[in-house]
Amino acid sequence: MSLTRTWVPPGPYDLCRSLSVLRRGPYDPACRIGSGTVWRASRTPQGPVTLRLRQRPDGVRADAWGPGAPWALEGLPALLGAGDRPEEFTAHHRLTREAHRRNPGLRLPRTGLVLESLIPAILEQKVTANEAYRAWGRLLRRFGEAAPGPPAEGRPEGLYAMPEPRGWALVPSWEWHRAGVDAKRSATVLRAVRVARRLEEATALELPDALARLRRVPGIGPWTAAETLQRAMGHPDAITVGDLHLPRQVGYALTGRRDTDDAGMLALLAPYTGQRHRAARLILAAGPAMPRRAPRMYDQDIALL
């Protein structure tokens, strides 16, 4: 039996584009998106939940199955971006002004779940996206929990909620290796799950304090902390620093230069203080693609080494 709730957005709303940042690759076992529908399997404080979100003319309808259904439906408006204030964004460049105009339905989601975004962000450290997505998928299918609820119309196969903290702690070292996760990243995950409760409290803090809370865990730097809180808190100013591509993409879109570093990016985005993450997301959505001249990162499956 499912529980249901409908959220009516206050204006234009794009469900799939808003929640696209929650999906870790096209075959994410915890999140599938397509045709106006989002399926999510999550680990809430009350247990696992399966969410089916469908955009309709009268709003977004959510159907939820599992022990975590009440918690998930209570937080549904926040997940969909009800607490976001895109109208507070002021464009300072023609590109961001046009991107904001063309994406009136884009809102920043707030999951309220730190570990759910933190662990895949750790897996994405210093590797290609494909390597990280492959590791996340293998670990969830091997150690996660099958998404609760009976089969439903349109439900994709292979949905899994991630393990609880103790489940992550019990993953054998050789399974991390088989998933292509090196000892440094797996050790960071294990340190994080040991203090999972303290990390989950970060969503109730102001952004600087939340970032500091996450960064107290060795192995979690500014990049990982920002990528996590963008999703867990939906904070419009949680700008990512330490990224290989983002500074150059922002710099190229706004100035035509290909050599922008973190300091240069932050200077360019200074007029957007308070909204720097939203500005960066709009730039990535609408900005010109920078021609690639630097060597690409290549997949390296350590399980074969």
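Our structure is the block above this text.
Being a predicted model, the structure only gives us computed values, none of them experimental.

Calculation notes
- Residues numbered from 1 in each chain as written.
- Predicted model: local features only at pLDDT ≥ 70, side-chain atom pairs only at ≥ 80, totals over all residues.
- Heavy atoms only, no water.
- Phe/Tyr/Trp six-rings, centres within 6.5 Å; stacked < 30°, edge-to-face > 60°.
- Buried < 20%, exposed > 50% of the residue type's maximum accessible area, 1.4 Å probe, protein only.
- 1 Å grid on protein atoms, 1.4 Å probe; cavity = no way out; pocket = protein on both sides within 12 Å on 5 of 7 lines; lining within 4 Å.
- Points joined across faces, edges and corners; volume = space filled by probe spheres on them.
- Helix = DSSP H or I, 4+ residues; strand = E, 2+ residues; numbered from the N terminus.
- Nonpolar A, V, L, I, M, F, W, Y, C, P; charged D, E, K, R; others polar.
- Contact = heavy atoms within 4.5 Å.
- Core = buried A, V, L, I, M, F, W, Y, C linked by side-chain atoms within 4.5 Å.
- Pairing = 2+ DSSP bridges.
- Axes fitted to C-alpha atoms, helices over the stretch in contact; angles between N-to-C directions.
- Parallel < 35°, antiparallel > 145°, perpendicular 65-115°, else oblique.
- Left-handed = near helix turned anticlockwise from the far one by under 90°.

1. Some points on the packing of aromatic side chains
Part 1 of the argument: Summed over all chains, the structure comprises five aromatic pairs.
Part 2 of the argument: Ring centres of W7 and Y13 lie 5.2 Å apart, and the angle between their planes is 85°; this geometry places the pair in the edge-to-face category.
Part 3 of the argument: Looking at Y13, the relative accessible area reads 10%, which means it is buried.
Part 4 of the argument: Where W168 meets W176, the ring centres are 6.0 Å apart and the plane angle is 25°; that geometry is what we call stacked. Take W168 and W176: they sit in the same class, and that class is buried.

2. With respect to empty space enclosed by the protein
Part 1 of the argument: Under the defined criterion, the tally for this structure stands at one cavity of 30 Å³ or more.
Part 2 of the argument: Its volume calculated, the largest cavity comes out at about 130 Å³.
Part 3 of the argument: Looking at the largest cavity, it is lined by 15 residues, and the ones nearest its centre are L22, A30, R40, E116 and W136.
Part 4 of the argument: Sorting the residues of the lining of the largest cavity by element identifies strand 3 (37-44) and helix 5 (114-123) as the ones contributing at least two each.
Part 5 of the argument: Here the lining of the largest cavity takes four residues from strand 3, the largest share from any one element.
Part 6 of the argument: Across the lining of the largest cavity, the residue classes break down as seven nonpolar, two polar and six charged.

3. Things to note about the side chain of Q125
Part 1 of the argument: One can find Q125 in the loop between helix 5 and helix 6 (129-143).
Part 2 of the argument: Filtering out sequence-adjacent residues up to four positions away, Q125 remains in contact with R185, G219, W223 and T224.

4. So, the nonpolar core
Part 1 of the argument: The biggest cluster of nonpolar side chains holds 33 residues, and the ones touching the most others in it are L115, L118, L139, W168, W176, L199 and L214.
Part 2 of the argument: Here this core gets six residues from one element, more than from any other, and that element is helix 5.
Part 3 of the argument: Excluding its chain neighbours within four sequence positions, the residues that come into contact with L115 are P120, M162, P165, A192, V193, A196, L199 and E200.
Part 4 of the argument: Residues C16, C31, V49 and L76 belong to the second largest nonpolar core, which totals 20 residues.

5. Details of the layout of surface pockets
Empty pockets left among the atoms are what a rolling probe the size of a water molecule brings to light.
Part 1 of the argument: In this model, the largest pocket occupies a volume close to 1,600 Å³.
Part 2 of the argument: Forming the walls of the largest pocket are 45 residues, and the residues nearest its centre are E124, W223, E227, D243 and H245.
Part 3 of the argument: Mapped onto the lining of the largest pocket, the elements with two or more residues apiece are helix 6, helix 9 (183-194), helix 12 (222-232), helix 13 (246-255) and helix 15 (276-286).
Part 4 of the argument: No other element matches the six residues that helix 12 contributes to the lining of the largest pocket.
Part 5 of the argument: In the lining of the largest pocket, the residues fall into 17 nonpolar, 14 polar and 14 charged.

6. Re the sheet that holds strand 4 (residues 47-56)
Part 1 of the argument: Across the sheet, which stays open at both edges, the five strands sit in the order 1-5-4-3-2 with antiparallel pairing between neighbours. The open sheet is flanked by strand 1 (3-7) and strand 2 (31-34), the only strands paired with a single partner. Each adjacent strand pair in this sheet contributes to an overall mean axis angle of 20°, direction not counted.
Part 2 of the argument: Looking at chain direction, strand 1 and strand 5 (residues 59-65) are connected through five bridges and run antiparallel. Along strand 5, the bridge assignment pairs R5 with A62.

7. Notes on the environment of A202
Part 1 of the argument: Within the secondary structure, A202 is located in the loop between helix 10 (196-200) and helix 11 (207-215).
Part 2 of the argument: Taking the relative accessible area as the measure of exposure, A202 reaches 0% and is therefore buried.
Part 3 of the argument: Residues A202 and L113, 89 residues apart in the sequence, show an inter-C-alpha distance of 9.4 Å.
Part 4 of the argument: Once residues lying within four places of it in the same chain are set aside, the contact partners of A202 are A210, R213, L214 and M233.

8. Structural notes on the packing of helix 11 against helix 12
Part 1 of the argument: One can describe the packing of helix 11 onto helix 12 by two numbers: an axis separation of 9 Å at closest approach and a directional angle of 125°. Here helix 11 is positioned oblique relative to helix 12, judged by the angle of their axes. Between helix 11 and helix 12 lies a crossing of right-handed hand. Touching L207, A210, L211, L214 and R215 of helix 11 are P222, A225, A226, T228 and L229, all from helix 12.
Part 2 of the argument: Each residue belonging to the contact of helix 11 with helix 12 can be placed in one class, and the counts come to eight nonpolar, one polar and one charged.

By themselves, these figures tell us nothing about what the structure is for.
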